[in-house]
Amino acid sequence: MHQSREPRPDQGLPTTPTGSGLIGAQRPAPSAPFLPSVPFAAPDGLVAGHDFAGHDFAGHDPVDDDPVVDGALGRLAGTVEELRRQLDDAQAHAAGRSVVEMAVGILVERLRCGPTEAARQLDLLAGQAGSTPLELAAGLVNQAAADKISEAAQDFVARAANPASQRVGVRLRNTEADALSATDAAAAARAMLEHALRPLGAVAVAIWAARPDLSLALAGSAGFADAEARRWRHVPPGVVTAARRALDERAPVTYRTLADASVPSIGQHEASGGRVAVPAGVGGRLIGVLEVCWRDELPRWSQSLHRQFEALAELCAATLETWTGDAPDDAPGAGRLEELSRLVDGVLDPCMILEPADDAFPPRFVIRYANPAFVDFAGRPTGAIVGSPLLEAYPLAAQEGNLLEAVEDVHATGAPFKDPRMQLAALVDGVPLTADAYVSISRHGSHVTVLWRLTDSTPKIARLLHHAQRLGRIGGFEEDLTTREVVWNETLFELYGLPATDRPIPLERLVDHAHPDDRHAVGRFLRTLLHHRRPASTAFRLQRADGVTRHIRVVAEPVPDRLEQVSAVRGAYQDVSAQHWTEVALAATRDQLAQSEQQVAERHRLVLQLQHAIMPPSVRSRTLNNLDVAVRYRPAEKDHLVGGDWYDALPLPSGQVLVCVGDVAGHGIEAATGMVALRNALRGLAATGAGPAQLLAWLNSVTHHLTDNVTATAVCGLYDPERRLLRWARAGHLPPVLLRGGAAECLPQVDGILLGVIDQADYQESEIALAPGDRIVMYTDGLIERRDQGLHASLANLVSLSEAAPREGATALDAHLDHLLRFSGADTDDDTCLVGIEVR
């Protein structure tokens, strides 16, 4: 064992730049062996001791005299605050001392000397290099380790033009020292957040452990509320979070803002800004993820930042190697807190759960949980209360007859306690705050629940008002007309783009800050308010000193004194810039919408013209050899549903008659143009003399290769007049209906996939011999489809309707098709095609 010398208080943050190596302009003392140049980085203010401004290296302000609080209890509260400062100082000392001790060990090995001589050489070399022992120690450890931390440190040292960047090495080494000495993953997470991540603007960090079943377990976290960490303690397999993505991609995952990415993750409501998830592994095996959260947007990503997170991920992996997971469910006290938390979540009043920290007597209670309704009567956020000892959060609770005495009594006896009017007290920044409340305390196993209902809701209302003003960008003001004293709140300084230390601008100078075109309106507002002494409001453009123009609405009223004389004016400014630009964008959107509607109407008109040119809605029947043919087309009732239904009846050079019906999927001009392409392609293919099945096979290839993502159904028939024989095939289409001797039936189904799905397809062909008087009807789905019944029921209705159609007369075939269209029960508003044939 050896002891190293701690950095002296006067060797804190340097005021001059450091060199690039251990040996500066001079060499070490002659008695010491020559030591090669070692790159190092300057510290980041996390060293024990104080700097020349009087700040301690834990980041606290100079220590002022304790606030004066009356009574012995006030002195106790001051002692508690002093002990907290001393604890922070001790933690900062320990972080720096660990790095120095590692450096002394390196010098013992290199210089072949004892620990005392090595510590003396470290101080001597630091003085010659013009740096502090901690800076030199971090440089030595970086060179000896040659790990991710040293890579990140050297990368930042190379950018010596930015002095703040030289402190990265010390930050990372302090993080490493605290993380590796931490007792659990939560302590390691706190070390990473405080030493390495807060300087980067991060507000929270989570360490995830990857489990064999592809789930994630929250091994440790810092910066999140206790309730949030408990909700995310287990992420089941299949839930895509930022950490899960990093594991799956085996690479860092970044989000500019988590809110825009819409990815669920821990702290998504509290820290919805930038997010980085870095996989952590050992020996090529990923065992977890380091997830870092920002409240604002992600800082600009760089290679240097990437190396820092890789170094932290290595520390995360080392921590997870020794992590054993959560306590089993049957461990003493396990599950009790979670069960009790769910119970108090249903309580509408503020409630917190206390737990004894150890077996000491009297017990030291820690606030383990606060329900969603919890409101601190001192106005502090819930996250600042949960996890703190009761006497640290509420030191004045120790006074006689106050909260601590009641909690100890309930914990010892189990008897519930109620007080309809207890005075609660807290010490915030040295100022004692009190509130009267109804208090109820009860014991549940080893835990104690404390419920209070404030009789004075002023703190809660004030807090809500503050947030309402912040969210609504409303700044309040009050101006004394006698003394000309003007008071602004913080939001109003932000609206004007001024620091909070500037003097508020009186109303009489408002014209000087308004846009020239708005000065008349501002003048009218001031005359109404200051001269006529009446409430007034106006909207104007505020021209700030930084060149930014904001759209502002101001409303104000005169304030009378006890003699009903106007002594002051108070009011509020609201930044309505977002609303203004939204209205501008809405007007532009309306114009674009009107133009789009005009274009859509024109497209529909062209589609209808195209359909009517190819397929007139009504065509009188005609005779092809010994076959009467009639066709009908009924457009969709709504213009935007114009579809791709088509029909054709054509005599072929072979003497046969082509009869077909088809339906292209979709609506609009794309469906109409697809319909034209398929109808014309089938006409050309039919001239080859091939049968219906071969024609559909060719038409399928045409649909698959020569059209843009088009699919369609069709039924194709070839009628031979000499043999009165109809050969037919179908491609995913409804079967034709045969009417013979007053009885109707659907032709038997034949196999055939719809057109355009695959490149090559085979189709089955069938044939039927027809007799004079036989009728066959081919149709599209717009004739029978109903939303409230299935396909078989719709086909049965069509068969019944066909049997009731007119069967005799010169125009019986036309009357048959008109009867089907008139009495069809279809309710899908789709277009419909019908082709009817009758053998003479």
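The following refers to the structure shown. (Residues numbered from 1 in each chain as written. Predicted model: local features only at pLDDT ≥ 70, side-chain atom pairs only at ≥ 80, totals over all residues. Heavy atoms only, no water.)

Attention now moves to the overall build of the chain. On a plain count of helices and strands, the chain comes out with 21 helices and 27 strands. Looking at the chain as a whole, 47% of its 840 residues are labelled buried. Approximately 41300 Å² of the chain is accessible, and the part contributed by carbon and sulfur atoms is 51%. (Helix = DSSP H or I, 4+ residues; strand = E, 2+ residues; numbered from the N terminus. Buried < 20%, exposed > 50% of the residue type's maximum accessible area, 1.4 Å probe, protein only. Areas by Shrake-Rupley, 256 points an atom, 1.4 Å probe, with all protein chains shown as cover.)

Positive phi values are uncommon outside glycine, yet Arg250 reaches one of about 55°. Here Arg250 is to be found in the loop between α8 (242-249) and β4 (253-255). The backbone of Arg533 sits at a positive phi, close to 55°, despite the residue not being glycine. As for its placement among the helices and strands, Arg533 is situated in the loop between α16 (519-531) and β14 (536-543).

As a general point, the strands of a sheet are linked pairwise by backbone hydrogen bonds and lie either parallel or antiparallel. Strand order across the open sheet formed by five strands is β19-β20-β21-β22-β25, with antiparallel pairing between neighbours. Every other strand in the sheet has two partners, leaving β19 (643-651) and β25 (765-769) as the edge strands with one partner each. Adjacent strand axes in the sheet meet at a mean angle of 15°, parallel and antiparallel pairs treated alike. Where strand β20 (residues 657-667) meets strand β21 (residues 712-720), eight bridges bridge the pair, whose relative direction is antiparallel. When the sheet's bridge partners are listed, Val659 is paired in β21 with Gly717. The sheet contacts of helix α18 (residues 669-686) involve β19, β20 and β21, and relative to β19 the element is tilted by about 20°. On the sheet, helix α19 (residues 692-706) packs against β21, β22 (725-731) and β25 and is oriented at approximately 30° with respect to β22. (Pairing = 2+ DSSP bridges. Axes fitted to C-alpha atoms, helices over the stretch in contact; angles between N-to-C directions. Contact = heavy atoms within 4.5 Å.)

For the rest of this paragraph, the subject is the pairing of strand β27 (residues 832-839). Looking along a regular strand, one sees the side chains alternate between the two faces of the sheet. Of all the eight residues making up β27, eight are buried; the element is thus mostly covered by neighbouring parts of the structure. Burial along β27 is two-sided: the residues Thr832, Leu834, Gly836 and Glu838 and Cys833, Val835, Ile837 and Val839 are all buried. As judged from the five bridges shared by strand β26 (residues 775-779) and β27, these two strands associate in the antiparallel manner. Of the residues in β27, the one forming a bridge with Tyr779 is Leu834.

The terminal C-alpha atoms of α16 lie 17 Å apart, and with 13 residues this matches the ideal 18 Å at 1.5 Å per residue to within 8%. Taken residue by residue, α16 has Ala521, Val522, Gly523, Phe525, Leu526, Thr528 and Leu529 as its buried positions. Buried-residue contacts for α16 involve β14, β15 (549-560) and β16 (566-575). Of the residues flanking the end of α16, it is Arg533, one or two places downstream, whose phi is positive at about 55°. (Expected span 1.5 Å × (residues − 1).)

A few words now on a nonpolar patch on the surface. A grouping of Ile753, Val757 and Ile758 is seen on the molecular surface, where their side chains present a nonpolar patch of about 210 Å² in accessible area. Structurally, the position occupied by Ile753 is in the loop between β24 (743-746) and β25. (Patch = residues over 30% accessible without salt bridge, like charges linked within 9 Å, V, L, I, M, F, W, Y side chains within 5 Å. Salt bridge = Lys/Arg side-chain N within 4 Å of Asp/Glu carboxyl O.)

One pass over the structure, following the stated rule, counts 31 salt bridges. Across the pair Glu194 and Arg198 runs a salt bridge whose closest N-O atoms are separated by 3.1 Å. A relative accessible area of 40% places Glu194 in the partly exposed class. With a closest N to O distance of 3.3 Å, Arg244 and Asp248 form a salt bridge. Here Arg244 pairs with Asp248, and both are found in helix α8, just four residues apart, close to one helical turn. Within the structure, one salt-bridge network assembled from shared partners comprises Arg233, Glu338 and Arg342.

Quick look at the state of the cysteines now. Inspection of every chain in the model, using the stated rule, returns zero disulfides. Cys716 carries a free sulfur, and the closest cysteine sulfur to it, the one in Cys660, is 5.8 Å from it. The buried category is assigned to Cys716, whose relative accessible area is 0%. (Disulfide = S-S within 2.5 Å.)

Taking strand neighbours across the sheet as the criterion, the five strands line up as β13-β12-β16-β15-β14 in an open arrangement whose pairing is antiparallel. Strands at the two margins of the open sheet, each flanked by one partner only, are β13 (486-488) and β14. Here the strands of the sheet are splayed against their neighbours by 25° on average, with no regard to which way each runs. In terms of strand pairing, β15 meets β16 through nine bridges, oriented antiparallel. The residue bridging Pro558 from the neighbouring strand is Val569, located in β16. Of the strands in this sheet, β14, β15 and β16 touch α16, which is tilted by about 140° from β14.

The next thing to look at is the side chain of Asn700. Locating Asn700 in the fold gives a position in helix α19. Overall, Asn700 belongs to the buried group, its relative accessible area being 0%. Those residues in contact with Asn700 that lie beyond four places of it in its chain are Leu754, Leu755, Gly756, Val757, Ile758, Asp759, Gln760, Ala761 and Tyr763.

With that settled, the discussion passes to the packing of aromatic side chains. Applying the stated rule across the entire model yields eight aromatic pairs. When the centroid spacing of 5.6 Å and the interplanar angle of 45° are considered together, the rings of Phe374 and Trp452 count as tilted. Residue Phe374 is located in the loop between β8 (365-370) and α12 (390-393), and its partner Trp452 is located in strand β11 (residues 447-454); the two are separated by 78 residues in the primary sequence. Looking at Phe374, the relative accessible area reads 4%, which means it is buried. What makes Trp452 buried here is its relative accessible area of 1%. Considering the side-chain rings of Tyr496 and Tyr573, the 5.8 Å spacing of their centres and the 80° angle between planes classify their relative orientation as edge-to-face. Taken together, the residues Tyr496 in helix α15 (residues 490-496) and Tyr573 in strand β16 connect sequence positions 77 residues apart. Classification of Tyr496 as buried rests on a relative accessible area of 4%. Here Tyr573 falls in the buried class, since its relative accessible area comes to 3%. One aromatic cluster is present, formed by Phe477, Trp488, Phe493, Tyr496 and Tyr573 through successive ring pairs. (Phe/Tyr/Trp six-rings, centres within 6.5 Å; stacked < 30°, edge-to-face > 60°.)

With respect to burial, strand β1 (residues 202-210) is a largely interior element, eight of its nine residues being buried. Summarising the sheet, β1 and strand β6 (residues 285-294) pair through seven bridges and their orientation is antiparallel. Opposite Trp208, over in β6, you have Val289 as the bridge partner. In the sheet, β1 pairs with strand β2 (residues 216-222) via six bridges, with the strands oriented antiparallel. Residue pairing across strands places Ile207 opposite Gly220, the latter belonging to β2. Connecting β1 to the next strand, β2, in antiparallel fashion are five residues, including Leu214 with a positive phi near 70°.

Let us look at the environment of Gly666. Tracing the sequence through the fold places Gly666 in strand β20. When the C-alpha atoms of Gly666 and Gly643 are compared, they prove to be 6.3 Å apart, with 23 residues separating the residues in sequence.

Another point: the layout of surface pockets. Its volume calculated, the second largest pocket comes out at about 650 Å³. Contributing to the lining of the second largest pocket are 26 residues, with Ala225, Glu270, Pro381, Thr382 and Gly383 lying nearest its centre. Those elements that provide at least two residues to the lining of the second largest pocket are β1, α7 (226-231) and β8. At four residues, α7 tops the list of elements feeding residues into the lining of the second largest pocket. (1 Å grid on protein atoms, 1.4 Å probe; cavity = no way out; pocket = protein on both sides within 12 Å on 5 of 7 lines; lining within 4 Å. Points joined across faces, edges and corners; volume = space filled by probe spheres on them.)

Across its 15 residues, α19 extends 20 Å between first and last C-alpha, which sits within 8% of the 21 Å expected from 1.5 Å per residue. Turning to α19, its buried residues number three or more, namely Pro692, Ala693, Leu695, Leu696, Ala697, Leu699, Asn700, Ser701 and Thr703.

With their axes 10 Å apart at the nearest point, helix α6 (residues 185-197) and helix α10 (residues 303-321) run at an angle of 165° to one another. By the criterion of interaxial angle, the relationship of α6 to α10 is roughly antiparallel. The element α6 and its partner α10 pack so that their crossing is right-handed. Counting all contacts with α6, which are made through Ala185, Ala188, Met192, Ala196 and Leu197, the residues of α10 involved are Phe309, Leu312, Leu315, Cys316 and Thr319. Tallied by class, residues from the contact of α6 with α10 come to nine nonpolar, one polar and no charged. (Parallel < 35°, antiparallel > 145°, perpendicular 65-115°, else oblique. Left-handed = near helix turned anticlockwise from the far one by under 90°. Nonpolar A, V, L, I, M, F, W, Y, C, P; charged D, E, K, R; others polar.)

Function cannot be inferred from these measures alone, as they are strictly geometric.
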